[in-house]
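# Structural description and commentary
Here is what each chain is made of, one letter per residue.
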Amino acid sequence: MATVNLEIVTPNKKVYSENIGMAIVRSTGGELGILPKHAPLVTGILPHAMRVKKEDSSEELIAVCGGFMEVKPDKITVLASAAELPINIDVNRAKKAYDRAKERLDALQKSQEEYKNIDSMRAQAALERAKARLKATKNPID
């Protein structure tokens with residue numbers, strides 16, 4: 001099986017570096033499947049649980065919280081603002097973050113006075129990050 005090297009890097013560390021068979025990512029232009037020898041590409045990526053198909057045909061999920069991806073025929077580099085392997089995700093903390101973000105967005109829709117200073121884009125981004133983290137641990141909310 002042909003492989004391509006995948007590296008996921010955050011400002012703090014290299015989160016992942018393996019030879020893989022395929023990566024499935026949610027880009028700003030839609031969902032993309034990246035195979036070995038893919039044409040060069042640079043795209044923004046949205047918060048999601050990135051699917052990685054390994055050489056042995058198994059699949060794993062990695063929470064990626066936005067950033068950019070560069071694809072070359074022999075290498076995929078993801079520069080993410082944050083990324084986590086499922087084993088490093090605190091599920092209870094992610095659920096609380098989801099609940100907090102959901103509560104803020106719901107309150108904004110109801111125009112509750114105590115939430116008038118909440119930035120809706122920030123709350124939506126927090127919600128998407130929490131969803132990605134939960135999906136990567138196979139504990140999706142929706």
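For the structure given in this document, a descriptive report is provided here.

The rules we used
- Residues numbered from 1 in each chain as written.
- Predicted model: local features only at pLDDT ≥ 70, side-chain atom pairs only at ≥ 80, totals over all residues.
- Heavy atoms only, no water.
- Core = buried A, V, L, I, M, F, W, Y, C linked by side-chain atoms within 4.5 Å.
- Buried < 20%, exposed > 50% of the residue type's maximum accessible area, 1.4 Å probe, protein only.
- Helix = DSSP H or I, 4+ residues; strand = E, 2+ residues; numbered from the N terminus.
- Contact = heavy atoms within 4.5 Å.
- Salt bridge = Lys/Arg side-chain N within 4 Å of Asp/Glu carboxyl O.

The next subject is the nonpolar core. Counting residues in each nonpolar core, the largest one holds 20 residues, and the members touching the most others are Leu6, Ile8, Ile20, Met50, Met69, Ile76 and Val78. Among the elements that line this core, the one with the most residues is strand E2 (residues 14-27), at five residues. Among residues more than four places away in sequence, those in contact with Leu6 are Tyr16, Ser17, Glu18, Ile20, Met50, Val52, Ile76 and Val78. Among the nonpolar cores identified, the runner-up in size contains 14 residues, and Leu61, Ala94, Tyr98 and Ala101 belong to it.

Moving on, we come to the environment of Pro86. Positionally, Pro86 belongs in the loop between strand E7 (83-84) and helix H1 (91-110). Counting along the chain gives 50 residues from Pro86 to Ala136, while the straight-line C-alpha distance between them is 5.6 Å. Dropping the residues within four chain positions of it, Pro86 is found in contact with Leu61, Ala136 and Thr137.

Inspection of every chain in the model, using the stated rule, returns eight salt bridges. Note that Lys14 and Glu7 form a salt bridge whose closest N and O atoms lie 3.3 Å from each other. Residue Glu7 is classed as buried on the basis of its relative accessible area of 15%. Among the salt bridges present, the one from Glu60 reaches Lys54, with a minimum N-O distance of 3.5 Å. Salt bridges linked by common partners bring Glu7, Lys14 and Lys75 together as one network.

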